[in-house]
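# Coordinates in review
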Amino acid sequence: MKNWHSVYNFHPVGQGLFTSGMLKIEGTDPYWWVFDCGTYLKKHQLDLTKEVDQLSHSVAISRTNGKPRLDMVFISHFDRDHINGLLELLAKFEVGRLVLPYISMHLRISIAMEVKARTFSEWQLFVIDPVKYIASARDVNVERIAMVLPASTQIPENQDRLPFISDDGVVIEPPPLRRPTIVDEGYIADSYPVEWLSPSARFNVKGIWEFVPYNDSSLASNATASFQKAIEKLTTALLDPAYPGNREAVKASMERIYNKTFGASPRLRNLISLFVYAGAIDCGTTTRYAYNTSNDLTSANWEFLNEYCWPHHLWRYWSYLPYRVSGPKSLLLTGDGSLSTKRQLKQLVDYLGQPRIDCIQVFQVMHHGAKTSWHDDVARVIAPEFSVFCAFPFGSHPHPHPAVEFALRAHGPVYCRTSYGFALWQRPYC
């Protein structure tokens, strides 16, 4: 087996989420990926831009052709604090595959309507029709889009699967589906390549690494036929740029229907959030790690991360941050997902399987550590060595909640805000 190592990097962008990673296999260019790219407060947009620029530099100098290329970009959901930097990211990188959770049109419309404006912004156009936007955008180079269907989706036995040939070192197992019948408008753009991932699908990267996306679409069952019929006409009017009527009235009508069906709480919209498990396919392989808080992951220091010293502001977590550890180690990214009930937690465990759960070492705490997304059994079941809080405690929605911090006090709490990030380097013994 060839030598390989990987890096996880949580970028300091305040209350938001921007995570990148790199898999380096001996003798090959590194495989770079990103999970979400956004921040909540306007004053932190400069931090986000700085991190995107720095990542672009690090990626470019790591590749033999010197191009800033991301092999995989995951988007957990469409809230602005998770994707308001996405279009900036896509403008600076070539992207091999953009992975999105499948969300029905009426929910995408409701998210876009949260922005009070008479005309649609670029962000709103992307939310409403992501495939069409990516296919038509002049400054965006995304080779393909992968859609993750809800975990509860029942795939017919006779559903056709596409013949899948990997041209980027990634194999989708099982192969993608032909466009399923449950898919509504907004995901079709002529011949633009869209991969439809069935529940349980995973990305196998060169036989060494795997990404397992999990779309917990908890609100899908509430979208009854009568509800969809009620908003169909309003949706058509809202998306028609030549609509002669009052667009604000159309949006207000849709909000009333939406809130009557789903409730007015924005927390409900966050329930539809992609989880992603990332780790070695043989996660029981003995591994070696070194940790640091530098985001400057250039080719010059990949092999020397162990020479960095811990900043003084992390001294109190020293007992939770060993210099080297061994055993199965993987990462669970949760976005703004919810694990607030035993049922949701069990569904996640059943979906990923207990062996993967046992391998999780680094856990991105969902929804910035919000109590409404948390169940105390999570700490016991996931039992991570590191719990990463991507939160800003001084905003209008201060996170994390003290009860969540307390529950994870013995699981290496690390805070990624705006002054520092958190990086993890991993390489198996060979």
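Read on for a plain summary of the structure. (Residues numbered from 1 in each chain as written. Predicted model: local features only at pLDDT ≥ 70, side-chain atom pairs only at ≥ 80, totals over all residues. Heavy atoms only, no water.)

### What to know about the overall build of the protein
Defined as follows: Strands are runs of DSSP state E lasting at least 2 residues, helices are runs of H or I lasting at least 4, and numbering of each runs from the N terminus. Using a 1.4 Å probe on the protein chains alone, a residue whose accessible area is under 20% of its type maximum counts as buried, one over 50% counts as exposed, and one in between counts as partly exposed. Residue contacts follow a heavy-atom distance rule, with two residues in contact if any of their heavy atoms lie within 4.5 Å. Computed with a 1.4 Å probe, the accessible areas rest on the Shrake-Rupley method; for each residue, only the protein chains presented here act as cover.
Each helix and strand counted, the protein has 13 helices and 18 strands in total. Looking at the protein as a whole, 58% of its 430 residues are labelled buried. Taking all contacts inside the protein whose residues are at least 6 apart in sequence as the whole, residues at least 24 apart take part in 76%. Total accessible area on the protein is roughly 18,000 Å²; 53% of this is exposed by carbon and sulfur atoms.

### Remarks on the nonpolar core
Stated precisely, the cut-off is as follows: Nine residue types can take part in a nonpolar core, namely buried Ala, Val, Leu, Ile, Met, Phe, Trp, Tyr and Cys, and a core is a set of them joined through side-chain atoms within 4.5 Å.
Judged by nonpolar contacts, the single largest core of 53 residues is most densely connected at L70, L89 and I134. Counting residues per element, this core draws most heavily on helix α4 (residues 105-112), which supplies five residues. Setting aside chain neighbours within four positions, we find L70 in contact with W32, V34, L55, V59, L89, F93, E94, V95 and G96. Residues W33, A146, V205 and L274 belong to the second largest nonpolar core, which totals 35 residues.

### Overview of the pairing of strand β9 (residues 194-197)
Filter applied, for reference: When DSSP locates at least two bridges between a pair of strands, those strands are taken to pair.
Burial of β9 is two-sided: the residues V194 and W196 facing one way and the residues E195 and L197 facing the other way are all buried. In terms of strand pairing, strand β7 (residues 145-148) meets β9 through four bridges, oriented parallel. From the neighbouring strand, A146 faces β9, where its bridge partner is E195.

### Notes on the side chain of H411
Note the threshold: Any pair of nitrogen or oxygen atoms within 3.5 Å is treated as a polar contact; in protein, a donor-acceptor pairing is required on top of that, and neighbouring residues in sequence qualify only through side-chain atoms on both sides.
Mapped onto the fold, H411 is located in the loop between α13 (402-407) and β17 (413-416). Judged by its relative accessible area of 17%, H411 is buried. Here P384 takes part through its backbone oxygen, which lies 2.9 Å from a polar atom of the side chain of H411. Beyond its immediate stretch of four places on either side in the chain, H411 contacts A379, A383, P384, E385, F386 and S387.

### Thoughts on unusual backbone geometry
Cis geometry marks the peptide bond from E173 to P174; its omega dihedral reads -10°. The phi torsion at H367 lies on the positive side, around 55°, for a residue other than glycine. Looking at the secondary structure, you find H367 in the loop between β15 (360-364) and α12 (377-382). The class of H367 is buried, set by a relative accessible area of 10%. Unusually for a residue other than glycine, A383 sits at a positive phi of about 45°. By the secondary structure assignment, A383 is in the loop between α12 and β16 (386-390).

### Here we look at the sheet that holds strand β11 (residues 209-216)
Where we set the bar: Note on geometry: axes are C-alpha line fits, over the in-contact stretch for helices, and angles between N-to-C directions span 0 to 180 degrees.
Taken in spatial order, the eight strands of this open sheet run β8-β10-β11-β12-β14-β15-β16-β17, and their pairing is mixed. The two strands at the open ends of the sheet, each matched to only one other strand, are β8 (170-173) and β17. Each strand axis lies, on average, 20° off the axis of its neighbour in the sheet, ignoring direction. Where strand β10 (residues 202-205) lies against β11, three bridges are found, and the strand directions are antiparallel. Across the sheet, the residue bridging to N204 is E210, located in β11. Against the sheet, helix α10 (residues 342-352) engages β11, β12 (273-280) and β14 (330-333), with an angle of about 145° to β11.

### Notes on the environment of L352
With respect to the helices and strands, L352 occurs in helix α10. Judged by its relative accessible area of 4%, L352 falls in the buried class. For L352 and V212, which are 140 residues apart along the polypeptide, the C-alpha to C-alpha distance reads 7.6 Å. In this structure L352 touches V212, Y277, L332 and I357, once residues within four positions along its chain are discounted.

### Observations regarding the packing of aromatic side chains
What counts, and what does not: Side-chain rings of Phe, Tyr and Trp, where Trp is taken by its six-membered ring, are said to pair if the distance between their centres is within 6.5 Å; with planes under 30 degrees apart they count as stacked, over 60 as edge-to-face, and otherwise as tilted. Charge over a ring is defined by NZ of Lys or CZ of Arg lying within 6 Å of the ring centre and within 35 degrees of the ring normal.
In this structure the tally under the stated criterion is 11 aromatic pairs. Taken together, a centroid distance of 4.7 Å and an interplanar angle of 45° make the contact between Y214 and Y351 tilted. Linking Y214 in strand β11 with Y351 in helix α10, this pair joins segments that are 137 residues apart in sequence. Given the relative accessible area of 18%, Y351 is considered buried. Counting every residue linked through ring pairs, the aromatic cluster contains W4, Y8, W33, F74, F203, W209 and F211. Taking NZ or CZ as reference, R409 lies 3.9 Å from the ring centre of F406, over its face.

### Regarding the pairing of β12
β12 sits mainly inside the fold: eight of its eight residues count as buried. The pairing of β11 with β12 spans eight bridges and is classified as antiparallel. Across the sheet, residue D216 finds its bridge partner in β12, namely S273.

### Looking at the environment of I281
Tracing the sequence through the fold places I281 in the loop between β12 and β13 (287-292). Take I281: its relative accessible area is 30%, and that puts it in the partly exposed class. As for I281 and E210, which are separated by 71 residues in sequence, their C-alpha atoms are 5.7 Å apart. Beyond its immediate stretch of four places on either side in the chain, I281 contacts R202, N204, G207, I208, W209 and E210.

### Details of helix α1 (residues 45-62)
Rule in force here: Helices are assigned an expected span. That span is 1.5 Å times one less than the residue count.
If you check α1, its first and last C-alpha atoms are 26 Å apart, about what 18 residues at 1.5 Å a residue would give, namely 26 Å. For α1, every residue scored as buried is listed here: L48, E51, V52, L55, S56, S58, V59, A60 and S62. Elements that come into contact with the buried residues of α1 comprise β2 (16-25), β3 (31-39), β4 (69-74) and α3 (86-92).

### Quick notes on the pattern of salt bridges
Convention followed: For this analysis, a salt bridge means a side-chain nitrogen from Lys or Arg found within 4 Å of a carboxyl oxygen belonging to Asp or Glu.
All chains considered together, the criterion is met by 18 salt bridges. One salt bridge connects D160 with R178, and the closest N-O pair in it is separated by 3.8 Å. Note that D160 is positioned in the loop between β7 and β8 and R178 in the loop between β8 and β9, a separation of 18 residues in sequence. Judged by relative accessible area, R178 falls into the partly exposed class, the value being 40%. In this structure, the salt-bridge partner of E173 is R202, at a minimum N-O distance of 2.7 Å. Taken as a pair, E173 in strand β8 and R202 in strand β10 lie far apart in primary sequence, 29 residues in all. Take R202: its relative accessible area is 18%, and that puts it in the buried class. Counted as one network, the salt bridges with shared partners bring together R63, K67, R69, D71, E94, R97, E143, R144, D168 and E195.

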